[in-house]
Amino acid sequence: MTNYIEPAPIKDKENPLESMMSRFDRAAELLGISDEMYHILKAPRKQVTVGLPITMDNGKIKVFEGYRVIHSTILGPSKGGIRFDPGVHIDEVRALAAWMTWKCAVVDIPYGGAKGGIACNPREMSAGEMERLMRAYTLSMLDVFGPDKDIPAPDMGTGPREMAWLMDEYSKANGMTVHAVVTGKPLVLGGSVGRTEATGRGVTVTALAAMEKMRLNPYRASAAVQGFGNVGSYAALLLHERGVTVQAISDVTGAYYNPRGIDIEAAIAYRTKNKGLLEGFGDAEKITNEELLFLPVDVLVPAAKEDVITDENAANIQAKLIVEGANGPTSASADDIINEKGIMVVPDILANAGGVTVSYFEWVQNRIGYKWNLERINRRSDRILKDAFEKVYLTSQEYNVSMRLAAYIVAIDKVAKTYEFRGGF
Ligand code: GLU
């Protein structure tokens, strides 16, 4: 059915929920928040699990389990993507939902955090199977989703096509077209210009901001980008356009290394012609995804998946700067090793927040019934990310902590203060 090659697992996953919580705990302690507030911010507000019986193309019914976790609605309606991946697990969805709360708070957009997921393998499913699964999931979540309640978006394994089905199913069930219930839609369906490349663009904007602090000239800097999906490919392209020599890229088929620099436009064109895979991409030495992490480059962008940098391999990293395109690419156990090596990290909740920022713009445009142009979207999202970077950087200096802890401090402080004003029961 597919010639897709499963990547060998780099390492057994650490529990992402524990990884997230250990950072949360340290930041909460530094901020000195009360025990009560700690418990308020820690527990998700709502967790929904649904069973979805889907008729597969072979006529047999397969039951999928779908999740939606609403971590917080303190700052506004909850926001977060839907992940279709064989590795989806409720603990992972809970961690990702909390990350969305902190991410929206760091970039100061009026959303809480949520995440959804279904354990399935989109690469082995037909378009029809995917559509039935997405529509069934949407119907099961009718009470959860809503433009003022919970607004989904794409994540790993989903994209504009799936968001269109979600929007259509939700609209039909409500007897009217509701654009603002989901973001990351195709342009013709109320999607926003700039949304597709937004996460990769944000990675580049925050990487350049960090390089400026480190006095690293982009024209003399080199980078390795792990992952060539929506985030990695645009991050690689935009870094390349800004003068950085991207020496390595990778996807599920392996990593491709050329110390003289890879022509990213050519790599994207190659992938498009080659069934979406980099396999066979010339003008580069083939190395493994893990070897890519240890290359002697200035900037490392892990933009593939969780827990690729761990306590077992962090000591081998040579980069001066890590910009986290993926959610949770560094396990908590690696934090101290990285800090001791003096590596600067732009953490996921800041580095990859460009996606949800432009999702917010998409939602705003849907609600005012108007469309902004690319120049306005890019200008505004770049400003939001630069301001957030600066705030996190200053906080890291004020508290004398890593950028990661500083990002958590900024986020937790904002959510806690908002909660205090709103009050509890
Ligand atoms: N799934 C993306 C993320 O993890 C985007 C979420 C959104 O746009 O709501 O940030």
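Let me sum up the structure you'll find in this document. In this text, all values refer to a predicted model and were calculated from it rather than measured experimentally.

In this section: the site of the ligand. Lys 79, Lys 103, Pro 154, Asp 155 and Ser 359 are the nearest of the 14 residues found near the ligand. Between the ligand and the protein, one listed contact pairs a nitrogen atom with a backbone N or O atom of Pro 154 at 2.9 Å. Residue Arg 195 places a side-chain N or O atom 3.0 Å away from an oxygen atom belonging to the ligand. The protein chains hide 94% of the 300 Å² of surface that the ligand would expose on its own. Among the elements of the structure, strand 3 (78-84), helix 3 (90-106), strand 5 (150-154) and helix 12 (354-368) are those that each provide at least two residues to the shell around the ligand. Grouping the constituent residues of the shell around the ligand by class yields 4 nonpolar, 5 polar and 5 charged.

Okay, the pairing of strand 7 (residues 245-251) next. For strand 7, a buried count of 6 out of 7 residues is recorded, marking the element as mostly surrounded by other parts of the structure. Crossover strand 6 (residues 222-226) to strand 7 through helix 7 (residues 230-241) is right-handed. Sheet topology places strand 7 next to strand 8 (residues 254-257); 4 bridges connect them, and they run antiparallel. Each bridged residue has a counterpart across the sheet, and for Ser 250 the counterpart in strand 8 is Ala 255. With antiparallel pairing between neighbouring strands as the criterion, strand 7 and strand 8 make up a hairpin whose turn holds 2 residues.

This next bit is on the side chain of Thr 330. Mapped onto the fold, Thr 330 is located in the loop between strand 11 (321-323) and helix 10 (335-340). A distance of 2.5 Å separates a polar atom in the side chain of Thr 330 from a polar atom in the side chain of Glu 324. Other than its neighbours up to four places away in sequence, Thr 330 contacts Arg 23, Asp 307, Ile 309, Glu 324, Asp 335, Ile 338 and Arg 404.

Now for the packing of helix 13 (residues 374-399) against helix 14 (residues 403-422). Contact geometry for helix 13 and helix 14: axes closest at 8 Å, N-to-C directions at 105°. Classified by the angle their axes make, helix 13 and helix 14 are roughly perpendicular. Here Phe 389, Lys 391, Val 392, Tyr 393, Thr 395, Ser 396 and Tyr 399 of helix 13 lie close against helix 14, whose contacting residues are Met 403, Ala 406, Ala 407, Ile 409 and Val 410. Here the residues of the contact of helix 13 with helix 14 sort into 9 nonpolar, 2 polar and 1 charged.

Parameters at a glance
- Along each chain, residue indices are assigned from 1 in the same order as the chain's sequence is written.
- Whole-chain, interface and lining totals are the exception, using all residues; otherwise, since this is a predicted model, local features are given only for residues with pLDDT of at least 70 and side-chain atom pairs are given and counted only at 80 or more.
- Hydrogens and water molecules were not included; the side-chain quantities draw on all heavy atoms of the structure.
- We call a residue near a molecule or strand as soon as one heavy atom of that residue lies within 4 Å of the molecule or strand.
- Two N or O atoms count as a polar contact when they lie within 3.5 Å, although within protein this holds only if one can serve as hydrogen donor and the other as acceptor, and sequence-adjacent residues are included solely when both atoms are side-chain atoms.
- Surface accessibility follows the Shrake-Rupley procedure with a 1.4 Å probe radius. Residue values consider only the protein chains on display as shielding.
- Comment: elements are numbered from the N terminus, with helices defined as DSSP H or I runs of at least four residues and strands as E runs of at least two.
- Residue polarity follows a fixed list, in which Ala, Val, Leu, Ile, Met, Phe, Trp, Tyr, Cys and Pro are nonpolar, Asp, Glu, Lys and Arg are charged, and the others, Gly among them, are polar.
- Note on exposure labels: buried denotes an accessible area under 20% of the residue type's maximum, exposed denotes more than 50%, and partly exposed covers the range between, all computed with a 1.4 Å probe on protein chains only.
- The path from the first strand over the helix to the second decides the hand: if it runs clockwise while the strands point away from the viewer, the crossover is right-handed.
- Pairing between strands requires that DSSP locate at least two bridges from one strand to the other.
- Contacts between residues were defined by any pair of non-hydrogen atoms, one from each residue, lying within 4.5 Å.
- Note on method: axes are straight lines fitted to C-alpha atoms, helices fitted across the in-contact stretch only, with angles between N-to-C directions ranging 0 to 180 degrees.
- We call two directions roughly parallel when the angle between them is under 35 degrees, roughly antiparallel when it is over 145, roughly perpendicular when it lies between 65 and 115, and oblique otherwise.

Spatial relationships are all this shows, so hold off on functional conclusions.
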